[in-house]
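Observations on the three-dimensional arrangement
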Amino acid sequence: MIYFVAAVAGIAGFLFGFDEGVIAGALHLLKVQFSITPVEEGMMTAAVPFGALFGALVAGRAVSRYGRRAMLLFAAGLFALGALFAALAIGAWMLTLARLVLGFAIGIAGLVAPLYISESAPAQKRGMLVSIYQLAITLGILGAYLVGFAFDDSWRTMFSIGIIPGLALFAGMMVLRDTPRWLALKGRPEEARVAMAKLRGVPADDPRLAEEFEEIEETAESDAGHGGWAELFAPMARPALIVGIGLFFLQQLSGINAVIYYAPAVFKEAGFGDASTQILATVGVGIVNVLMTLVGMALIDRIGRRKLLLGGFFFAALALGMIAIGAVTGAQALDVVAFVGLLVYIAAFAASIGPLPWVMMSEVFPLNVRGLGMSVASITNWGFNFIVVFSFPVLVSTIGLGGVFAIYSIVCALGIAFTFWYVPETNGVALEDIEEHLRSGKPFRQLGNTAAAMPAGLAGAVRP
Ligand code: BGC
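Residues numbered from 1 in each chain as written. Predicted model: local features only at pLDDT ≥ 70, side-chain atom pairs only at ≥ 80, totals over all residues. Heavy atoms only, no water.

Some thoughts on the overall build of the chain
Counting its regular elements, the chain contains 21 helices and zero strands. Computed over its C-alpha atoms, the radius of gyration of the chain comes to 22 Å, within 12% of the 23 Å expected for a compact globule of 464 residues. By principal-axis analysis of the C-alpha atoms, the chain measures approximately 65 × 50 × 40 Å. Looking at the chain alone, contacts between residues at least 24 apart form 80% of all its contacts between residues at least 6 apart. For the chain, the centre of its 28 positive side-chain charges and the centre of its 31 negative side-chain charges are spaced 1 Å apart. (Helix = DSSP H or I, 4+ residues; strand = E, 2+ residues; numbered from the N terminus. Rg over C-alpha atoms; globule rule 2.2 N^0.38 Å. Contact = heavy atoms within 4.5 Å. Lys, Arg positive; Asp, Glu negative; His and termini not counted. Charge placed at Lys NZ, Arg CZ, Asp CG, Glu CD.)

Observations regarding the layout of surface pockets
Put simply, the second largest pocket is a space of about 330 Å³. For the second largest pocket, the lining is made up of 20 residues, of which Pro122, Ala123, Gln124, Arg200 and Glu212 are closest to its centre. Broken down by secondary-structure element, the contributors of at least two residues to the lining of the second largest pocket are helix H10 (207–223) and helix H19 (431–440). Among the elements that line the lining of the second largest pocket, the one with the most residues is H10, at six residues. In terms of residue class, the lining of the second largest pocket is made up of eight nonpolar, two polar and 10 charged. Of the domains in this structure, domain 1 (1–223) and domain 2 (227–464) are the two that each give at least three residues to the lining of the second largest pocket. (1 Å grid on protein atoms, 1.4 Å probe; cavity = no way out; pocket = protein on both sides within 12 Å on 5 of 7 lines; lining within 4 Å. Points joined across faces, edges and corners; volume = space filled by probe spheres on them. Nonpolar A, V, L, I, M, F, W, Y, C, P; charged D, E, K, R; others polar. Domains from an automatic or database assignment.)

Thoughts on the site of the ligand
The immediate surroundings of the ligand are formed by 13 residues, with Gln134, Gln251, Gln252, Asn257 and Trp358 found nearest. Interatomic distance of 3.1 Å between a side-chain N/O atom of Asn289 and an oxygen atom of the ligand. The side chain of Trp358 places a nitrogen or oxygen atom 2.9 Å from an oxygen atom of the ligand. For the ligand, the accessible surface in isolation is 320 Å², of which the surrounding protein chains cover 100%. Looking at the shell around the ligand, the elements with two or more residues in it are helix H5 (126–150), helix H12 (238–253) and helix H18 (370–422). (Near = heavy atom within 4 Å. Polar contact = N/O pair within 3.5 Å; in protein donor to acceptor, adjacent residues only side chain to side chain. Areas by Shrake-Rupley, 256 points an atom, 1.4 Å probe, with all protein chains shown as cover.)

Right, here's the structure in full:
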């Protein structure tokens, strides 16, 4: 059941990646049909991250009030409608509006879907299950690249394909319930118990549910009625806020979307002569992104969040440094170094820096400010996404490709220090225990189950 839940919520991630990426393949056709200006082009592309910013802003409060399920149903409806309007667009203005609606839906779903999975998952598998969301994003990006390739002569077809996953998300959420944690928070313990039993595949009176359920109820009771901005910024929740904001800041400033949006241009700069090799290399990036996310999923609940993050930032810093050196020197032989650097960067991102902020933002906040906290984290994500994508062309023309990638590399090096000082090990820890640790006032990074926090050799030695 929990895999079905993760798969349905994952459709939201697919739409996130698809709607972000589909414009890349459609732009050259739109330019011919509507003779759009560069400003219109920019607005059309930016409408998605811009709309998403507002979606994330609205979703924080709404998800606490109306519930996780209602918000996903709402977003699903918007996804389908937005795709329909985009496909029927009679001008650039209509397409921009449609993409604003799609962005708004992505902003909502980008917050609610990881939350929905996290609150439904058993603690031991939570990292892997929430990472399904990131996997779905990468599949969406790859899907958009491929759709752009396959329907090269019809942008209307490209956009209309987005209607199908929108409807699938709606249908899937119709048959699912809200999370036990939200139902308990709303003072509906009976429904919460039934929802929990369904998720774990046992009868509602099964004694094995009792312990987990008791903890959920206790936390819900003590949290009910609270949960405003003041509490989110209070000293108790602050360490969680630092982790939520910090990880998305680092994720975006590692330069991922400069690569995702501008890959063909970057490959051209790196010496890939003809357009078809550039597209092929771009599809290669999409494939490595998907495959390495699977590797991350296999690792996240085994080696834990901290080690995976430290490793990810380390290899990303190294790889981005390689690209910078390759670009600055411009020597022919170094093109290969830059290309390998790009693939290593994508691999490190996909296995670690990509999924971990999503996983951890759904884990670290106390229940009563979880929606608000995730809203702030998501706004950080979209805000810096927007800034990176817009600054990239300008920065390249002023400090050069080498300079830009050197900045991204330094950001990743900072990520190592940030992880070391601020990021707790949440692997295998119940959401309620994470909250209890925060309330205890102990340093957040001291949280962690012993097996995950211990060096690998030792952990293995003490396992039964
Ligand atoms: C990021 C997106 C990015 C994607 C790439 C996500 O985790 O938030 O901005 O486009 O990964 O796979």
